Amino acid sequence: MFNWFWRRTIPEKIKPTSTRVISMGGLYQILRKRFPNEGELYLSDSIYLLCNKADISKFLQQDATNKYKYQSEKYDCDDFAVRLWGQFTIPLWSHLAFGMVWTNLHALNILVTEDLEVLFVEPQSDTLQKELKSWQGSKIRFICM
């Protein structure tokens, strides 16, 4: 497929390989255990597919969200996070345990792996991380999946 924005050919989107599903209740418990006294959790589906880290990495390599230029108040952290989350809302990927998180300082993405590990995704750099960096905030305000 040809991408007019970047003027290059993009390989067809890969398909997720994970087969591990989790209920809304199970996902809620994992997130609440990880963030016991922080923020609201908004889960919209009754069943989720847990994320395979290799699949996420491949998807991020094909996605262009991190290529956009940061512009304060015009295209900033929340715009990057919403765009990346939106990129995952396509058939085969839309039921992944992948969403968006707002902290007291920043907006970024979040996922739960097949190993039940909670990871953050910095959409401006495609970095997967276990903990928030100081500039990303210290308190979760809300998570939406």
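Everything numeric in this text was worked out from a predicted model, so none of it was measured. (Residues numbered from 1 in each chain as written. Predicted model: local features only at pLDDT ≥ 70, side-chain atom pairs only at ≥ 80, totals over all residues. Heavy atoms only, no water.)

Caption draft 1: How the structure looks around the pattern of salt bridges. Under the defined criterion, the tally for this structure stands at four salt bridges. A salt bridge links R34 to E131; its shortest N-O distance comes to 3.4 Å. A residue pair is termed long-range when its members are at least 10 positions apart, and R34 in helix α1 (residues 24–34) and E131 in the loop between β9 (127–129) and β10 (140–144) qualify at 97 residues. Taking relative accessible area as the criterion, R34 reaches 27% and is therefore assigned partly exposed. Taking the relative accessible area as the measure of exposure, E131 reaches 53% and is therefore exposed. Of the charged contacts in the structure, one is a salt bridge between K130 and E117, with a shortest N-O distance of 3.5 Å. You can see K130 sitting in the loop between β9 and β10 and its partner E117 sitting in the loop between β7 (107–112) and β8 (118–122), a full 13 residues away along the chain. You can call K130 exposed: its relative accessible area is 53%. (Salt bridge = Lys/Arg side-chain N within 4 Å of Asp/Glu carboxyl O. Helix = DSSP H or I, 4+ residues; strand = E, 2+ residues; numbered from the N terminus. Buried < 20%, exposed > 50% of the residue type's maximum accessible area, 1.4 Å probe, protein only.)

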